[in-house]
Amino acid sequence: MSTATFNNVANEKGEYSLPTLGFSYDALEPVIDTQTVEIHYSKHHQTYVNNLNAAIAKHPELAKQSIEELLVDLNKVPDDIRTAVRNHGGGHANHSLYWSVLTSKEKSGSPSKDLLTAIEKQYVSFDGFKDQLSKLSIGTFGSGWGWLTVKPNGELCLESTSNQDSPISKGNTPILVIDVWEHAYYLKYQNKRPDYVQAIFSIINWENVSLRYDQAIKSLKN
Ligand code: MN
């Protein structure tokens, strides 16, 4: 699966799998160190996928849906695996988006004209947006995520979730995310979450974030 794909589907055996990383483990240096990327992707993210697959195996018919579709309405997921899908399915979806919105410093680029216009409309300036998303991410209590999402009315929204909860479950479409679990930054930054969050803005894959914004807006018009 390419990192430009935002819908994580299962294979014919009903198993979800890690998305292909669009970069090598060392590509995010010096902002995110090689070892952190390797452990985060091949161990942490893989474990969410494994635990999700173990849960789905109890209700194989669910695997006809992408993990994002399952997260839209968790009440439709059977009781006995609802928490597992919320936590491990959320973990799989959230990390898949996280990898797709990161890239090397050289390839970071800038938001599309449409996305920049929307950001400036909502947050006055690009710097104002970065400042608000930084504060929100840094201020997330415990383990969680800072998000830029699109609301059903097309407006941009900044929000924070705990654990592996996804804004998809309350109807918003994520287009950018910052993982603020300690495993995302601890080896290099230790307790200094603010330094990690501020640095990550130099490795955002604005091409993919802009693509995701276009898709979200188009799906609302349909
Ligand atoms: Mn993580």
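Presented here is an overview of the structure given in this document. Residue positions within a chain follow its written sequence, with the count starting from 1. Under the rules for a predicted model, residues below a pLDDT of 70 receive no local features and side-chain atom pairs below 80 are neither given nor counted, while totals for whole chains, interfaces and linings still include all residues. Side-chain descriptors were evaluated using all non-hydrogen atoms of the structure, hydrogens and water having been removed beforehand.

**Details of helix H8 (residues 206-221)**
Right, on to step 1. Each helix is a run of DSSP H or I of at least 4 residues and each strand a run of E of at least 2, with the numbering of both proceeding from the N terminus. To estimate how far a helix should extend, the number of its residues minus one is multiplied by 1.5 Å. Over its 16 residues, H8 extends 23 Å from the first C-alpha to the last, a length consistent with the 22 Å expected when each residue adds 1.5 Å.
Right, on to step 2. Relative accessible area decides the class of each residue, using a 1.4 Å probe on protein chains only: under 20% of the type maximum gives buried, over 50% gives exposed, and in between gives partly exposed. Every buried residue belonging to H8 is among Trp206, Asn208, Val209, Ser210, Arg212, Tyr213, Ala216 and Ile217, and all of these are buried.
Right, on to step 3. Throughout, a contact is declared for two residues whenever any of their heavy atoms are within 4.5 Å. Elements that come into contact with the buried residues of H8 comprise helix H3 (79-100), helix H4 (113-123), helix H5 (126-138), strand S1 (144-150), strand S2 (156-162) and strand S3 (173-179).

**Points about the coordination of the manganese ion**
Right, on to step 1. Within the first shell, the manganese ion binds the protein through His40 (NE2), His95 (NE2), Asp179 (OD) and His183 (NE2), at distances of 2.0 to 2.2 Å.
Right, on to step 2. Along the chain, the residues that donate to the manganese ion are spaced as H-x54-H-x83-D-x3-H. Separated by 143 residues along the polypeptide, His40 in helix H1 (residues 34-56) and His183 in the loop between S3 and helix H6 (186-189) bring together distant segments of the chain. Pair check on accessibility: His40 and His183 agree, each one buried. Only N, O and S atoms count as donors, using a 2.8 Å cut-off from the metal and 3.2 Å for Na, K and Ca, and because water is excluded some sites may appear unfinished.

**Structural notes on the packing of H1 against H3**
Each pair of packed helices can be summarised by the angle the axes make with each other and by the distance between the axes.
Right, on to step 1. Here an axis means a line fitted to C-alpha atoms, over the contact stretch when the element is a helix, while the angle between two N-to-C directions is reported on a 0 to 180 degree scale. Relative orientation of the contacting elements H1 and H3 amounts to 145°, with a least axis distance of 8 Å. For the element pair H1 and H3, the recorded crossing hand is left-handed. Across from Val37, His40, Tyr41, His45, Tyr48, Val49, Asn51, Leu52, Ala55 and Ile56 in H1, the residues of H3 making contact are Ile81, Ala84, Val85, Asn87, His88, Gly89, Gly91, His92, His95, Ser96, Tyr98 and Trp99.
Right, on to step 2. Ten residues, namely Ala, Val, Leu, Ile, Met, Phe, Trp, Tyr, Cys and Pro, are considered nonpolar, four, namely Asp, Glu, Lys and Arg, are considered charged, and the remaining ones, Gly among them, are considered polar. Broken down by class, the residue content of the contact of H1 with H3 amounts to 12 nonpolar, 10 polar and no charged. For a crossing to be left-handed, the near helix must be turned anticlockwise from the far one by less than a right angle; the clockwise case is right-handed.

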